[in-house]
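Structural description and commentary
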Amino acid sequence: MKIILVRHGQAEDESRPDSARQLTDFGRQQVAQTAEYVMTYYSPDYFVVSPYDRAQQTLAEFQLRAQTVPSVVQDNITPADDARQALIDIGNIDAECLVVVCHMSIVAYIAGLLTGDYPESFSLAEARVFEMDFVMAGMAREVDHFVPDQPY
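Here we summarise the structure given alongside this text. (Residues numbered from 1 in each chain as written. Predicted model: local features only at pLDDT ≥ 70, side-chain atom pairs only at ≥ 80, totals over all residues. Heavy atoms only, no water.)

1. Things to note about the pairing of strand S5 (residues 127-131)
Of all five residues in S5, four are buried; the element is thus mostly enclosed. Sheet topology places strand S1 (residues 2-7) next to S5; five bridges connect them, and they run antiparallel. Bridge pairing links Ile 3 to Phe 130 in S5. (Buried < 20%, exposed > 50% of the residue type's maximum accessible area, 1.4 Å probe, protein only. Helix = DSSP H or I, 4+ residues; strand = E, 2+ residues; numbered from the N terminus. Pairing = 2+ DSSP bridges.)

Written out as structure tokens, the structure reads:
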């Protein structure tokens, strides 16, 4: 089984509530690069996404390339949620290649739980691929990653 963790692309400043922040034009370019990479090298069979707008916009780039792949909004993968509970819920999804689109810092904590390592920050629109026999803390290994263009 593979879990591909993806952080959303560059978002606008905090002039809106956090849940309503939108991707910038540059953020859209970043997520297009990431979606193209992931969909070229992997075959996701399920998408999981945060309810926040910028994560939904990030997922939309994946869905353009995989229109028949089902998706679900998981309410507990927003920035300040509990990574342990989020991972339990992710583990209950029946998929062979699952893409999870969410935010810092929860994405780093989920990655750390999967590998048993200390959480490491994700770049904007970064994707990391983890392989495991089953979803459980400390049972995965990172096998690939992709980082799109970053702002200067």
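We are not done yet, so read on.
2. What to know about the environment of Asp 144
Checked against the element boundaries, Asp 144 lands in strand S6 (residues 141-146). Owing to a relative accessible area of 17%, Asp 144 belongs among the buried residues under this scheme. The spacing of Asp 144 and Gly 9 is 135 residues in sequence and 19 Å in space, taken between C-alpha atoms. Excluding anything up to four places from it in sequence, Asp 144 contacts Tyr 37, Tyr 42, Ala 127, Arg 128 and Val 129. At 2.7 Å, the side chain of Asp 144 and the side chain of Tyr 42 are in polar contact. (Contact = heavy atoms within 4.5 Å. Polar contact = N/O pair within 3.5 Å; in protein donor to acceptor, adjacent residues only side chain to side chain.)

3. Section: the pattern of salt bridges
It is possible for side chains of opposite charge to pair when their charged atoms get near one another. With the rule as written, the count across this model stands at eight salt bridges. Residue Glu 131 is joined to Lys 2 by a salt bridge in which the shortest nitrogen-to-oxygen separation is 3.0 Å. Placement of the pair is Glu 131 in strand S5 and Lys 2 in strand S1, with a sequence separation of 129 residues. Glu 131 gets classed as partly exposed once you look at its relative accessible area, which sits at 26%. Among the ionic pairs, Glu 131 bridges to Arg 141, the shortest N-O distance being 3.0 Å. With Glu 131 in strand S5 and Arg 141 in strand S6, the pair connects residues that are ten residues apart, well separated along the chain. Using a relative accessible area of 51% as the deciding quantity, one classes Arg 141 as exposed. The structure contains a network of salt bridges with shared partners spanning Lys 2, Glu 131 and Arg 141. (Salt bridge = Lys/Arg side-chain N within 4 Å of Asp/Glu carboxyl O.)

4. Things to note about the packing of aromatic side chains
The geometry of an aromatic ring pair comes down to the distance between the two centres and the angle between the two planes. Summed over the entire model, instances satisfying the criterion amount to three aromatic pairs. Look at Tyr 37 and Phe 146: their rings are 4.6 Å apart centre to centre, the planes differ by 15°, and that puts the pair in the stacked class. A residue pair is termed long-range when its members are at least 10 positions apart, and Tyr 37 in helix H1 (residues 25-41) and Phe 146 in strand S6 qualify at 109 residues. No difference in accessibility class separates Tyr 37 from Phe 146, as the two residues are buried. Judged by centre distance (6.1 Å) and plane angle (65°), the ring pair of Phe 47 and Phe 62 falls under edge-to-face. Of this pair, Phe 47 sits in strand S2 (residues 46-49) while Phe 62 sits in helix H2 (residues 53-65), and the two are 15 residues apart along the sequence. Of the residues examined, Phe 47 reaches a relative accessible area of 0% and is grouped as buried. (Phe/Tyr/Trp six-rings, centres within 6.5 Å; stacked < 30°, edge-to-face > 60°.)

5. Overview of the side chain of His 8
Mapped onto the secondary structure, His 8 falls in the loop between S1 and H1. Residues in contact with His 8, not counting those within four places in the same chain, are Val 31, Arg 54, Ala 55, Thr 58, Cys 102, His 103, Leu 124 and Ala 125.

6. Quick word on H1
When the terminal C-alpha atoms of H1 are compared, their 25 Å separation across 17 residues agrees well with the 24 Å that a helix rising 1.5 Å per residue should span. Where H1 is buried, its residues meet S1, H2, strand S4 (97-102), S5 and S6. (Expected span 1.5 Å × (residues − 1).)

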